[in-house]
Amino acid sequence: MVDPAEVRREVLDILWEQGLIVGVAELEKILAMQEPARVAMLLSKKFRERILTLEDIESVVKEASAPASWSVEPIINFSPLDLKCGKPSPDVYASLFSDRYRRIKKIFIQANLKQIMPIKTAKKIARRGGEGTECTIVGIVNDVVRAKASNAIMLEIEDDSGERTKVIVQEKIGKYFIRDAVLAFRGRMVAREKEDCFYASEVILPDIPVEWKGLKPPNEPCALLFISDIHFGSRTFLYEAWEAFISWLKSSAARDVRYLIVAGDLVDGIGVYPGQEEELEIDDIYEQYRELGKWFSCIPEHIKIIVIPGNHDAVRQAEPQPPLAQELKELLGKNVLCYSNPAYLNIQGVKILIYHGRSFDDLVEQAPGYLSYSKPTYLMRELIRLRHLAPTYGGKTPIAPLPYDGLVIEDVPDIFVAGHVHTFDVERYRGTLLINASTWQSQTEFQKQINIVPNPAKVYYFDLSNQEGKVLSFI
Ligand code: D5M
Ligand code: FE
Ligand code: ZN
């Protein structure tokens with residue numbers, strides 16, 4: 001039950017902010033309406049610094065009674081059925097990798113990469129004495145060895161026929177390599193008695209096109225908010241900052257906000273890392289979602305909340321992760337839409353890729369000195385250039401044993417949002433806006449040990465009308 005006194009205060013606050021004054025009869029008229037706060041919001045948008053008349057209120061009634069409409073169309077949203085998998089087996093992973101190869105090779109071909117030669121053919125030509133002929137091969141990176149003395153990196157790659165070759169890359173053309181990524185190499189195959197070897201003169205990433213088409217502005221004001229890693233239930237959850245954010249959402253400053261997008265780790269979960277019990281405020285997973293749901297229910301109804309799970313949420317950990325189960329969804333309240341991790345949504349005509357970001361842990365480990373937690377958009381850029389959300393198998397990111405690869409970035413998103421690293425960063429890379437969406441948790445003991453310094457309580461506000469973004473800070 002909503003407290004009428006609170007509604008009254010909320011309405012008055014919204015009006016006051018724009019210098020609007022109401023008499024008793026006018027206020028009663030507003031309060032008698034279906035959604036008084038929405039009416040106040042519309043009034044505050046239309047009028048400024050005046051005494052409101054009954055006619056003024058009349059003038060927004062029609063708009064207020066028109067149901068708010070949202071347009072969220074899932075392009076990719078993995079259902080539990082899509083993700084149903086059997087026991088992990090070499091066969092199923094072989095099928096997954098060949099699907100990955102096929103999809104990314106297609107991206108190379110669309111990007112006009114000409115004359116890709118099967119590794120076997122390149123070897124054959126070299127053996128027949130064609131050594132030195134330039135060609136392009138495409139392979140999955142099986143293995144990366146840094147040769148200490150020679151400023152070169154030695155790779156083993158494999159193509160879809162199962163043929164493998166060694167590839168030598170000088171450090172000046174490739175500084176680091178991510179295992180299981182699909183890359184193209186230009187160079188020469190050299191036949192050797194013991195083993196053939198490919199000398200690369202160029203490393204080509206699938207990447208995304210350079211041109212940016214821009215976005216189509218919506219018909220009505222529409223702003224998107226991006227947040228991540230709420231970690232509700234943790235002792236280090238930042239209550240005051242969160243409360244300030246929720247109050248802001250209720251204010252007229254948030255009147256154009258239509259969507260709040262949360263990129264995973266909604267709650268802190270249970271048993272996620274050793275000793276987590278000590279750091280929990282709420283040690284029951286359902287209670288964590290229930291309490292968070294109470295906060296979500298305070299968010300005005302004109303804002304749709306879109307969530308995906310992260311590695312702290314109560315769903316299976318292997319990626320792609322399914323959406324939160326119905327019972328958890330119900331705890332979060334009726335204004336919440338739950339999607340898979342990753343999810344690819346068309347929101348008001350804008351293509352948004354949402355991924356929690358666990359694979360960042362694998363990237364950081366494989367490219368020390370080049371990729372780090374403190375520059376998360378570089379991590380996101382890396383994924384988008386490799387056209388894959390979690391390339392490395394057998395590292396820190398569990399990959400589901402499915403016969404297809406659901407983590408290839410086939411279609412180029414307008415916006416790519418992730419979280420996980422608890423810092424904030426935003427950057428445009430070619431046509432895609434990259435957002436790493438902060439956290440609502442201060443530094444934990446565990447993060448202290450691994451030297452992770454969070455940048456919490458940041459919200460990215462993106463206005464679709466003028467395509468301008470800004471960072472809001474609630475700390
Ligand atoms: O992740 C919070 C931060 O902690 C994020 O920057 C990744 C880092 N992290 C989490 N788990 C690991 C492991 N196992 N190794 C290295 N770094 C890690 P969160 O998902 O919120 O716990
Ligand atoms: Fe997190
Ligand atoms: Zn996480």
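Let us look at the structure shown here.

Parameters at a glance
Residues numbered from 1 in each chain as written. Chains lettered and ligands numbered in written order. Predicted model: local features only at pLDDT ≥ 70, side-chain atom pairs only at ≥ 80, totals over all residues. Heavy atoms only, no water. Helix = DSSP H or I, 4+ residues; strand = E, 2+ residues; numbered from the N terminus. Buried < 20%, exposed > 50% of the residue type's maximum accessible area, 1.4 Å probe, protein only. Contact = heavy atoms within 4.5 Å. Areas by Shrake-Rupley, 256 points an atom, 1.4 Å probe, with all protein chains shown as cover. Lys, Arg positive; Asp, Glu negative; His and termini not counted. Charge placed at Lys NZ, Arg CZ, Asp CG, Glu CD. Phe/Tyr/Trp six-rings, centres within 6.5 Å; stacked < 30°, edge-to-face > 60°. Lys NZ or Arg CZ within 6 Å of the ring centre and 35° of its normal. Near = heavy atom within 4 Å. Polar contact = N/O pair within 3.5 Å; in protein donor to acceptor, adjacent residues only side chain to side chain. Nonpolar A, V, L, I, M, F, W, Y, C, P; charged D, E, K, R; others polar. Pairing = 2+ DSSP bridges. Donors = N, O, S within 2.8 Å, 3.2 Å for Na, K, Ca; no water.

### With respect to the overall build of the protein
For the protein, the count of helices and strands is twelve helices and 19 strands. Seen through its principal axes, the protein has C-alpha atoms that stretch 95 × 50 × 40 Å. Scored against the burial criterion, the 475 residues of the protein give a buried share of 54%. Intrachain contacts of the protein at a sequence separation of at least 6 include 69% that bridge at least 24 residues. Counting only carbon and sulfur atoms, one obtains 51% of the accessible surface of the protein, whose full area is about 21600 Å². Here the protein holds 57 positive side-chain charges and 66 negative ones, and the gap between their average locations is 8 Å.

### Description of the packing of aromatic side chains
Applying the stated rule across the entire model yields 16 aromatic pairs. Taken together, a centroid distance of 5.2 Å and an interplanar angle of 20° make the contact between phenylalanine 245 and tryptophan 440 stacked. Taken together, the positions of phenylalanine 245 in helix α7 (residues 239-250) and tryptophan 440 in the loop between β17 (432-437) and α12 (445-449) put the pair 195 residues apart, joining distant regions of the chain. You'll find phenylalanine 245 and tryptophan 440 in the same group, each marked buried. Through a chain of ring-to-ring contacts, the aromatic side chains of Phe232, Phe237, Tyr239, Trp242, Phe245, Trp248, Trp440, Tyr461 and Phe474 assemble into a single cluster. One cation-aromatic arrangement involves lysine 304 over tryptophan 70; the distance from NZ or CZ to the ring centre is 4.3 Å. Positioned above the aromatic ring of tyrosine 461, the side-chain terminus of lysine 470 is 4.5 Å from the ring centre.

### What to know about the site of ligand 1
Within the structure, ligand 1 sits among 15 residues, and His231, Asn311, His312, His420 and His422 are positioned closest to it. Histidine 422 is positioned with one of its side-chain polar atoms (N or O) 2.9 Å from an oxygen atom of ligand 1. Its free accessible area being 460 Å², ligand 1 has 83% of it covered by the protein chains. Here the residues of the shell around ligand 1 are counted per class, giving five nonpolar, six polar and four charged.

### What to know about the pairing of strand β18 (residues 458-463)
Here β18 lies mainly inside the structure; six of its six residues are buried. Judged by which residues are buried, β18 turns out to be covered on both faces: Lys458, Tyr460 and Phe462 on one side and Val459, Tyr461 and Asp463 on the other are all buried. Pairing of strand β9 (residues 223-227) with β18 involves four bridges; the strand directions are antiparallel. From the neighbouring strand, leucine 225 faces β18, where its bridge partner is tyrosine 461. Both β18 and strand β19 (residues 468-473) contribute to a ladder of six bridges, which runs antiparallel.

### Some remarks on the coordination of the iron ion (ligand 2)
In an ideal tetrahedron of four donors about a metal, each angle is 109.5 degrees. In an ideal octahedron of six donors, the angles are 90 or 180 degrees. Only Asp229 (OD), His231 (NE2), Asp265 (OD) and His422 (NE2) from the protein coordinate the iron ion (ligand 2), and they sit 1.9 to 2.3 Å from it. Summarised as a motif, the one-chain spacing of the donors to the iron ion (ligand 2) is D-x1-H-x33-D-x156-H. The metal-metal distance between the iron ion (ligand 2) and the zinc ion (ligand 3) is 3.1 Å, with aspartate 265 coordinating both. Here histidine 231, found in the loop between β9 and α7, pairs with aspartate 265, found in the loop between β10 (257-262) and α8 (285-298); they are 34 residues apart in sequence, far enough to count as distant. Under the relative-accessibility criterion, aspartate 265 is labelled buried at 1%.

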